Amino acid sequence: MSTTDNAKTKAATPVPVEESTERLNRPLIQLAKACGVATFYIDQLGDYTEITDEALVGVLDALGWQADTEENIANSLKRVQEKRDSELLPPTVVCFNGTKTIVPVHTGGSAIDPSKIHVTLTLEDGTEYEDTPDKPLNNFKTSKEGDLLLELPEDLPMGYHTLKATVDDECALHAQVTLISAPARIPLPQSVQERHRWGYMTQLYSVRSKESWGVGDYGDLRRLLKDAGSIGKADFMLINPIHACAPVAPLEPSPYLPESRRFLNVTYIRPQDIPEYTQLSDSQREQVEALHESVEAQNNDPNPMDINAAWSAKLPALKIIFEQPRSAEREQDFADFKARSGEDLDAFATWCVAFEVWGAPWGDNLWFDTTGKGTPQIDALKCEHADLLEFHRWLQWIADEQVAAAHAEAKAAGMAIGLMQDMAVGVHGYGADVWWSPERFANGVSVGAPPDFYNQQGQDWGQPPFDPNYLDETGYIAYRDMVHNVFLHAGAVRIDHVLGLFRLWWIPQGQGAKNGAYVYYNVDAMLAVLSIEATRAGGLVIGEDLGTVPAYVSKVLASHGILGTVVEWFTHDDDAEKAAKKAGKKQTIFANPSTYREYALASVTTHDMPPTAGYLAFEHVKLREELHLLTDSVESFQKAASAERDAMMKMLLEGGWISKDAAEHVEDHVQEIVEAMHAVMRTSPSLLLQVALVDAVGEKRSQNQPGTSTEYPNWRIPLADKDGNVVHTD
């Protein structure tokens with residue numbers, strides 16, 4: 001598969017697909033390409049698909065380039081070139097250790113003697129890089145086309161540095177840009193080099209105990225990690241994203257639609273695990289216990305969880321504990337946390353206070369649009385509600401402590417990797433990140449995915465994307481901080497929709513998920529950030545590279561030491577299928593796991609599918625028919641699903657993993673088949689193998705049905721066995 005040549009990567013070059021000469025000569029197409037917007041893409045089936053003019057105009061407008069008329073297109077093309085010519089150096093320069101880095105030098109069309117350009121480098125620690133003859137910093141070259149180039153040393157120290165360039169004359173050109181110097185590959189931890197490692201994946205909220213408040217929490221996570229490591233000998237546990245949500249009911253149930261990726265979800269705090277809980281007076285303890293008892297029965301209910309009732313009980317309990325005096329040592333720890341978190345913490349806490357005092361910022365309540373950083377309303381709000389502001393800072397500190405304790409428990413229990421955190425692709429459009437720092441995001445568009453086999457109408461996730469130009473101009477500081485903070489309490493980080501490092505499907509408002517366009521990002525810069533932060537943490541990065549993903553993406557990720565994702569249900573023997581098609585047979589042929597990629601996290605299923613027992617029973621067909629998500633007839637989709645299941649049985653039968661009777665009578669052998677689908681994974685060379693906790697207990701219900709919001713109780717299904725009985729943490 002291939003993609004447009006706009007992809008910014010030096011590690012691989014996709015085979016180009018030719019657009020017509022007539023199309024390439026159109027100014028709109030030229031403007032889109034100049035601005036990093038794809039004008040076509042290759043879909044999941046390998047078909048060439050052109051982006052519509054309407055989508056291109058909407059996406060370009062979100063990037064700040066008007067393209068609604070021929071005159072505006074011409075003016076935008078001129079402005080793009082002028083901007084490029086005015087930058088002596090690119091705003092962000094990326095170096096991978098051990099590789100040659102050539103930086104274009106733009107002199108605005110003027111001929112400048114390279115000897116008059118002076119380059120200096122201030123390292124992350126504040127020291128100056130020494131420019132020596134054997135490692136010259138001022139090392140200019142001229143290309144065959146006559147362009148001026150700066151060649152940087154190949155062994156610059158790892159870190160985020162400042163590169164400066166000045167011209168020794170009256171020319172106004174100068175530059176001060178960010179230089180990101182990173183290891184070319186993330187080193188594999190020694191434990192993973194020794195042998196393959198395995199672990200669980202689970203939805204944290206779904207696993208509850210007697211101590212839970214109706215929803216799984218950080219206390220449950222700590223117990224799960226301890227038992228999985230010490231009893232099950234697992235090496236890691238992947239959980240759903242625990243990014244921050246609005247701590248005010250009604251809560252957003254989707255962990256993939258957070259309000260901020262910089263901070264943690266405080267609704268998962270376990271009040272009883274806070275040190276000050278033990279110091280409460282008898283009457284205060286009774287109040288907290290009464291609040292817990294009001295929702296304790298929910299822990300035994302197999303029906304969709306009432307997350308709002310759980311939080312409505314937990315919030316006043318947390319306020320009681322917050323008011324309990326802290327020891328001098330604990331007070332200092334809290335002060336240190338606030339100092340480390342800086343303005344970001346104040347911004348998020350302020351947003352929480354505004355949300356709690358003024359209410360949800362939509363409908364007729366438009367404080368999101370009329371207030372923000374530096375406005376008098378916010379200054380007054382912070383002054384009037386100083387205690388509430390401190391409470392929301394405290395909540396983040398407590399959440400941070402409890403997640404850190406869970407990861408520490410995992411390592412103490414013998415886990416080689418420990419907690420594996422999941423990083424969502426974006427944030428809520430009305431969230432704290434967008435409200436306080438709107439300049440970071442593109443306006444008038446949302447992120448999603450084009451149509452594919454599993455989501456035939458495409459997907460709109462309702463999230464504003466990072467503006468690639470802002471990221472470049474600010475040295476990726478927002479992305480750096482986010483990645484750094486996720487790695488603080490994790491041995492590995494999973495990047496949801498890792499294609500977003502390369503390109504994101506932008507959907508102009510009102511045009512629908514099908515009518516979007518891919519916008520390209522500086523993938524080298526984002527890979528460099530991941531490489532630096534993972535190397536410093538001694539951790540791993542896993543990229544979720546499923547769906548409509550060009551083949552070169554996985555190769556690029558692997559070349560930088562980033563693992564991809566392999567799912568047994570999704571992995572076909574492409575060569576065998578092509579041979580069958582050539583012979584006039586259209587059939588599904590699954591790849592044997594022994595052929596999987598080495599640099600991958602392999603699993604049987606994902607959270608966007610029913611558990612394996614449910615998938616074998618065609619729960620995905622029934623659910624999509626009920627929710628009217630099919631574009632073809634249900635008979636056609638059922639036929640395809642049946643053929644898919646038959647093909648899986650054929651692979652397992654031919655490998656000796658199941659009996660002939662099981663292959664022919666699936667419904668009577670579900671347990672045998674589920675176990676076989678996991679057992680065959682042990683033939684995989686993939687570095688990490690993963691078991692879904694829902695498969696381990698016999699659950700059939702989907703945790704999430706893509707393409708829905710309120711139509712299905714997404715992200716609220718508690719863990720239950722094949723008979724519908726709740727399975728508790730212990």
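The model shown is predicted, which means the values in this text are computed figures rather than measured ones.

About the criteria used
- Residues numbered from 1 in each chain as written.
- Predicted model: local features only at pLDDT ≥ 70, side-chain atom pairs only at ≥ 80, totals over all residues.
- Heavy atoms only, no water.
- Salt bridge = Lys/Arg side-chain N within 4 Å of Asp/Glu carboxyl O.
- Helix = DSSP H or I, 4+ residues; strand = E, 2+ residues; numbered from the N terminus.
- Buried < 20%, exposed > 50% of the residue type's maximum accessible area, 1.4 Å probe, protein only.
- Disulfide = S-S within 2.5 Å.
- Expected span 1.5 Å × (residues − 1).
- Phe/Tyr/Trp six-rings, centres within 6.5 Å; stacked < 30°, edge-to-face > 60°.
- Lys NZ or Arg CZ within 6 Å of the ring centre and 35° of its normal.
- Core = buried A, V, L, I, M, F, W, Y, C linked by side-chain atoms within 4.5 Å.
- Axes fitted to C-alpha atoms, helices over the stretch in contact; angles between N-to-C directions.
- Parallel < 35°, antiparallel > 145°, perpendicular 65-115°, else oblique.
- Contact = heavy atoms within 4.5 Å.
- Nonpolar A, V, L, I, M, F, W, Y, C, P; charged D, E, K, R; others polar.
- Polar contact = N/O pair within 3.5 Å; in protein donor to acceptor, adjacent residues only side chain to side chain.
- Patch = residues over 30% accessible without salt bridge, like charges linked within 9 Å, V, L, I, M, F, W, Y side chains within 5 Å.
- Areas by Shrake-Rupley, 256 points an atom, 1.4 Å probe, with all protein chains shown as cover.
- Lys, Arg positive; Asp, Glu negative; His and termini not counted.
- Charge placed at Lys NZ, Arg CZ, Asp CG, Glu CD.
- pLDDT = per-residue confidence, 0-100.
- Pairing = 2+ DSSP bridges.
- Right-handed = clockwise from strand over helix to strand, strands pointing away.

K.L.:
Let's hear about the pattern of salt bridges: which residues, and what values?
P.N.:
Tallying each qualifying case throughout the model produces 31 salt bridges. Two residues, Asp344 and Arg262, come together in a salt bridge whose shortest N-O distance is 3.4 Å. A residue pair is termed long-range when its members are at least 10 positions apart, and Asp344 in helix H9 (residues 328-358) and Arg262 in strand E13 (residues 260-264) qualify at 82 residues. The partly exposed category is assigned to Asp344, whose relative accessible area is 27%.

K.L.:
So what's going on with the state of the cysteines? Residues and values would help.
P.N.:
All told, the structure shown has zero disulfides when counted by the stated rule. No disulfide involves Cys383; its sulfur sits 19 Å from the nearest other cysteine sulfur, which is in Cys352. Since its relative accessible area comes to 62%, Cys383 is described here as exposed.

K.L.:
Go over helix H16 (residues 523-537), please, and point to the residues and values.
P.N.:
Across its 15 residues, H16 extends 21 Å between first and last C-alpha, which sits within 8% of the 21 Å expected from 1.5 Å per residue. Burial within H16 is extensive, with twelve of its 15 residues counted as buried.

K.L.:
Any chance you could break down the packing of aromatic side chains for me, citing the residues and the numbers?
P.N.:
Counted according to the given criterion, the structure contains 25 aromatic pairs. Here the aromatic residues Phe263, Phe348, Trp351, Phe355, Trp358, Trp362, Trp367, Phe368, Tyr430, Trp435 and Trp436 are joined through ring pairs into a cluster of three or more. Arg285 extends its terminal NZ or CZ atom over the ring of Tyr277, reaching a point 4.7 Å from the ring centre. Between Arg503 and the ring centre of Tyr518, over which it is positioned, the NZ or CZ distance is 3.7 Å.

K.L.:
Describe in detail the nonpolar core, supporting the description with residues and values.
P.N.:
Ranked by internal contacts, the top residues of the largest apolar core, which has 170 residues, are Val37, Tyr218, Trp394, Tyr479 and Trp506. Formed by 28 residues, the second largest nonpolar core is a distinct cluster that contains Trp569, Tyr596, Ala647 and Ala663.

K.L.:
Any chance you could break down the packing of helix H8 (residues 307-322) against helix H12 (residues 386-412) for me, citing the residues and the numbers?
P.N.:
Across the interface, H8 lies against H12 with an axial gap of 11 Å and an inter-helix angle of 100°. It follows from the interaxial angle that H8 and H12 lie roughly perpendicular. Two secondary-structure elements touch here, H8 through Leu315, Leu318, Lys319, Ile321 and Phe322 and H12 through Asp387, Leu388, Glu390, Phe391, Trp394 and Leu395. When the residues that make up the contact of H8 with H12 are grouped by side-chain class, the tally is eight nonpolar, no polar and three charged.

K.L.:
How would you sum up the environment of Lys33? Please name residues and give values.
P.N.:
Relative to the helices and strands, Lys33 is located in helix H2 (residues 27-34). Separated by 50 residues in sequence, Lys33 and Lys83 have C-alpha atoms that sit 15 Å apart. At 2.8 Å, the side chain of Lys33 and the side chain of Glu19 are in polar contact.

K.L.:
An account of a negative patch on the surface is requested, with residue identities and associated values reported.
P.N.:
Among the surface-exposed residues, Asp282, Glu286, Glu289 and Glu293 lie close enough to one another that they form a single negatively charged patch. Residue class for Glu289 comes out partly exposed when judged on its relative accessible area of 34%.

K.L.:
Describe the side chain of Ser684, listing the residues and the values that go with them.
P.N.:
You can see Ser684 is positioned in the loop between helix H23 (670-679) and strand E23 (688-692). A polar contact is formed between the side chain of Ser684 and the backbone nitrogen of Ser686, at a distance of 2.9 Å. Those residues within four positions of Ser684 in sequence are excluded, and the remaining contacts are His196, Pro593, Ser594, Tyr596, Ala602 and Leu689.

K.L.:
Now, about the confidence of the model for the protein: what can you tell me, with residues and values included?
P.N.:
Across the protein, pLDDT averages 93, with 97% of residues at or above 70. When the criterion is pLDDT under 50, residues 1-16 qualifies, and its contacts beyond four places in sequence or with other chains add up to 46 contacts.

K.L.:
Before we move on, can you summarise the sheet that holds strand E7 (residues 148-152) with the specific residues and values?
P.N.:
Pairing in this open sheet of three strands is antiparallel, and the strands run E4-E7-E6 from one edge to the other. The open sheet has two edge strands with one neighbour each: strand E4 (101-105) and strand E6 (140-142). Averaged over all adjacent pairs, the angle separating strand axes in this sheet is 35°, with direction ignored. Relative to E7, E6 is paired through three bridges, and the arrangement is antiparallel.

K.L.:
Give me the lowdown on the sheet that holds strand E18 (residues 503-508), citing residues and values where you can.
P.N.:
The strand order across the open sheet built from four strands is E16-E15-E18-E19, with neighbouring strands paired in antiparallel fashion. The two strands at the open ends of the sheet, each matched to only one other strand, are strand E16 (459-463) and strand E19 (517-520). Each strand of the sheet is rotated relative to its neighbour by a mean of 45°, with strand direction disregarded. For strand E15 (residues 445-449) and E16, the ladder comprises three bridges, and the chain directions are antiparallel. The residue bridging Ala449 from the neighbouring strand is Gln459, located in E16. Against the sheet, helix H3 (residues 53-62) contacts E15, E18 and E19, and its axis sits at roughly 105° relative to E18.

K.L.:
Hey, could you go over the side chain of Gln421 for me, with residue numbers and the actual values?
P.N.:
Within the secondary structure, Gln421 sits in strand E14 (residues 418-423). For Gln421, a relative accessible area of 6% corresponds to the buried category. Ignoring anything within four residues of it in the chain, the contact list for Gln421 reads Leu238, Ile242, Val403, Val486, His489, Ala490, Ala492, Val493 and Arg494.

K.L.:
An account of the environment of Val549 is requested, with residue identities and associated values reported.
P.N.:
If you trace the backbone, Val549 turns up in the loop between strand E20 (540-543) and helix H17 (551-559). Distance in space between the C-alpha atoms of Val549 and Arg503 is 9.9 Å, their sequence separation being 46 residues.

K.L.:
How would you summarise the pairing of E4 if you had to cite specific residues and measurements?
P.N.:
Here E4 shows a buried face lined by Thr101, Val103 and Val105 and an unburied face lined by Ile102 and Pro104. Where E4 lies against E7, five bridges are found, and the strand directions are antiparallel. Bridging from a neighbouring strand, Thr101 pairs with Leu152 of E7.

K.L.:
Provide a residue-level description of helix H6 (residues 218-230), including the pertinent values.
P.N.:
The end-to-end C-alpha distance of H6, which contains 13 residues, comes to 18 Å, matching closely the 18 Å that a straight helix rising 1.5 Å per residue would cover. Inspection of H6 places Tyr218, Gly219, Asp220, Leu221, Leu224, Leu225, Asp227, Ala228 and Gly229 among the buried residues, and these make up the whole buried set. Contacts made by the buried residues of H6 are with strand E10 (197-202), strand E11 (236-239), E13, H12 and E14. A distance of 2.9 Å separates the backbone nitrogen of Gly219 from a side-chain oxygen at the start of H6, and that oxygen is part of Asp217.

K.L.:
Summarise the pairing of strand E22 (residues 600-603); cite the residues concerned and give the values.
P.N.:
Where burial is concerned, the two faces of E22 agree: the one with Ala600 and Ala602 and the one with Leu601 and Ser603 are both buried. The pairing of strand E21 (residues 564-567) with E22 spans four bridges and is classified as parallel. For Val566, the partnering residue across the bridge sits in E22 and is Ala602. Taking the sense of rotation as the criterion, the β-α-β connection linking E21, helix H18 (residues 574-582) and E22 turns out right-handed. Where E22 and E23 come together, three bridges link them in parallel fashion. Paired with Ser603 across the two strands is Gln690, which belongs to E23.

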